[in-house]
Amino acid sequence: MSYYTKITKAGLAAISSAMNNSSKVPITYMAFGDGNGSIPEPNENSSSLVNEVYRVGVNKVEVHNKNPNWLVCEAIIPSAVGGFNIREVALYDNTGKAMLAVASYPPTYKPSINEGAAKIQTIRIIIQVDNTGNFELVIDPDIVLATIQALNNESNELKNYIKTNTLAVVESMSDLLKIQPFDGQTVETKGFHEADNFLLAQPYSGGAKYTFNASIPHSHHNGGTVIALGSELPTDWTDHESVAEWFLPKTGVGLGAWVLVYSGQIDVTWFGANPNFKLGVDNSLAFNRALMIKNDIFVPPGNYIIHRPILTNKAHASMRGSGIFITTITVENQHWESLEFNEKEYNSAIVVTSGVQDTWITGGTFSGFSLLGNSYEADGKHGFFFDNVCTKVSLNTIEIVAFDKGIYTYKSWLHSYHNVTITDCRTNSIHMDSFANGYSITGCCLYGKETVTLKHLVVENACYGNSFTGGAIEKCNVGVSVRNNAQINISGTDFEEIRVLAFESTDCEKLPSKVENSSVMGNPSQSMFATN
């Protein structure tokens, strides 16, 4: 569901009157409602909330720093007030009777301090208007002074509460690092970064729970699951050096660190990965650090920019997203750099390798995401590279778009690819090189849309026991190329828009391949199959 604000008819009338009289619309109160258990759709005819539960004076009205037509209105609910849900929010004028705007709001429970959660709740809503200069904040001094006094009174109460209880809520990692903690204290963050776009349905990402452990050395800091006391969060996440430094262990002999409370997979946003398509931000740093801590990561919905390869050199790697088109990893080509690992240079979005010649890595699962290369040239960049020797790897429900090669495997065997779509890769969609044995490729589609792929599937150099079943191979010069004692059986596959050959086999007399129950559409006059 999307959450948004709508100016009411009363609000529009107030704006019209203010423009005609060269005056301003007074915004004085913010009201909160629970919608009687559901999220109401904002209605311009509304004059009241469905079920108002609390009202407070607005403490700030300002123009958004990134959009001059957005007016940000903010109010604070003290921690002593609570015990209700917020699903709807409204703004009122200085009379408290004219509703100027109404908004739907992500369901939020506002606890009271008596319920064991000390939480001063700040609520912000955004209204879009043509002229933000027509509005002003009109303060009811009785309400605002009472609220300020209540907050001042609560500050001591809150300090005492934090000293005797273990739960507090802060907005971001930056706020967590400002706390002077006690041993055993637990704090929850709404997000890793401060929210900068409240028009998003989920303005926060990477929220988590941390417990302070006074005996953990600062040298255990890793930027995600262990945060050393006194650490400085990068102020600019486009600055590669400062972000890389954030993930390094801290020097010195200090003690005390916040420890992430979690079980199961590691969420990459806990390490600061930004899902909001932030150009200039290299999320590969967060991915790689998360994989170093635990080789089992989850990538929530969003679009993550990377400037360098995501690399794992551990067995049983697991990387799961929320689905293609839902979780996306995007290469930002203008900032792209290859990565050197154990004296070898890698130019691939995702790399799995032991880094040691002829040393095995067993097990790997990748599923539920799209991988966008944004390259339509033969620049040597791969989507996936499984290098020397990766066995028992599974790819399931993956989309790979616009690389030189979609998947390149070298001296790796027993791979299973299911429901993988590879589109617009310039040289090859899949290249199986040297002892790529026992591959099962099912329901996979190799397409050319914006470009014509040279050879969609290449199998070469002593590869055998492989199969490609179902799926489609479309728009290329050569569909399948098998050479130098290699073998693959094709069954139930549709070939379409093949410009030269659907299938070619060269120097593979001892390991003959089969093509059966497959169709070739739009083939030219020459034979679609060639064996030398």
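Residues numbered from 1 in each chain as written. Predicted model: local features only at pLDDT ≥ 70, side-chain atom pairs only at ≥ 80, totals over all residues. Heavy atoms only, no water.

J.: Would you mind showing me how to read the environment of N342 here?
T.: Within the secondary structure, N342 sits in the loop between β22 (339-341) and β23 (344-346). Among all residues touching N342, those that are not within four sequence positions of it are S354, G355 and V356. (Helix = DSSP H or I, 4+ residues; strand = E, 2+ residues; numbered from the N terminus. Contact = heavy atoms within 4.5 Å.)

J.: What should I look at first to understand the sheet that holds strand β8 (residues 99-110) in this one?
T.: In any sheet, the strands associate via hydrogen bonds between backbone groups, in a parallel or an antiparallel arrangement. Taken in spatial order, the five strands line up as β1-β8-β7-β3-β4 in an open sheet, and their pairing is antiparallel. The sheet terminates laterally at β1 (5-7) and β4 (52-57), the two strands that pair on one side only. Mean inter-strand twist for the sheet, computed between neighbouring axes without regard to direction, equals 20 degrees. As judged from the five bridges shared by strand β3 (residues 29-33) and β4, these two strands associate in the antiparallel manner. If you follow Y29 over to β4, its bridge partner there is G57. (Pairing = 2+ DSSP bridges. Axes fitted to C-alpha atoms, helices over the stretch in contact; angles between N-to-C directions.)

J.: Whenever I open this one, the environment of L49 confuses me. Can you help?
T.: Following the sequence through the fold, L49 ends up in the loop between β3 and β4. Among the residues examined, L49 registers a relative accessible area of 6% and is labelled buried. Counting along the chain gives 16 residues from L49 to G33, while the straight-line C-alpha distance between them is 6.2 Å. In this structure, L49 is in contact with A31, F32, G33, E88, V89, A90, Y92, M99 and V102, ignoring residues within four places of it in sequence. (Buried < 20%, exposed > 50% of the residue type's maximum accessible area, 1.4 Å probe, protein only.)

J.: Is there a simple way to think about the nonpolar core in this case?
T.: It is characteristic of soluble globular proteins that their nonpolar side chains tend to be buried jointly. Ranked by size, the top nonpolar core spans 83 residues in total, and within it F287, M319, F366, F384, F386, L395 and Y417 carry the most contacts. With residues near it in sequence (within four places) discarded, F386 still touches V352, F366, V393, L395, I407, Y408, T409, Y410, S412, H415 and Y417. Core analysis: the next-biggest nonpolar cluster, separate from the first, contains 26 residues, I86, A101, I123 and V129 among them. (Core = buried A, V, L, I, M, F, W, Y, C linked by side-chain atoms within 4.5 Å.)

J.: Can you help me understand the confidence of the model for the protein in this one?
T.: If pLDDT is low for a region, its predicted coordinates should not be looked at in detail. For the protein, mean pLDDT is 87; residues scoring 70 or higher make up 88% of the total. Within the model, pLDDT remains below 50 along residues 139-148, and this stretch shows seven contacts once partners closer than five positions in the same chain are excluded. (pLDDT = per-residue confidence, 0-100.)

J.: Help me out: how do you make sense of the state of the cysteines in this one?
T.: The bond known as a disulfide is covalent and runs between the sulfur atoms of two cysteines. Scanning all chains against the criterion turns up zero disulfides. Of all cysteine sulfurs, the one in C444 lies closest to C445, which takes part in no disulfide; the gap is 7.4 Å. (Disulfide = S-S within 2.5 Å.)

J.: Looking at this structure, I do not really get the environment of I125. What am I missing?
T.: One can find I125 in strand β9 (residues 121-128). In sequence terms I125 and M30 are 95 residues apart; their C-alpha atoms lie 9.8 Å from each other.

J.: Could you clarify how one ought to interpret the side chain of Q487 in this entry?
T.: On the secondary structure map, Q487 appears in the loop between β35 (472-483) and β36 (488-491). Only 3.2 Å separates the side chain of Q487 from the side chain of N489, close enough to count as a polar contact. If we ignore the near neighbours within four places in the chain, the residues touching Q487 are V459, C463, Y464, G465, N466, V482, L511, P512 and S513. (Polar contact = N/O pair within 3.5 Å; in protein donor to acceptor, adjacent residues only side chain to side chain.)

J.: Would you explain the packing of aromatic side chains in this entry?
T.: By convention here, two paired aromatic rings are described through the distance between centres and the angle between planes. According to the stated counting rule, one finds 17 aromatic pairs in the structure shown. Between F32 and Y54, the aromatic rings sit 6.4 Å apart at their centres with planes inclined by 15 degrees, giving stacked as the arrangement. Here F32 is found in strand β3, whereas its partner Y54 is found in strand β4, with 22 residues between them in sequence. The exposure class assigned to F32 is buried, which follows from its relative accessible area of 0%. The interplanar angle of 75 degrees and the centroid separation of 5.5 Å between the aromatic rings of F366 and F384 together place this pair among those described as edge-to-face. Of this pair, F366 sits in strand β25 (residues 361-372) while F384 sits in strand β26 (residues 382-387), and the two are 18 residues apart along the sequence. Each residue in the set F192, W237, W246, F247 and F271 is aromatic and connected to the rest through ring pairs, giving one cluster. (Phe/Tyr/Trp six-rings, centres within 6.5 Å; stacked < 30°, edge-to-face > 60°.)

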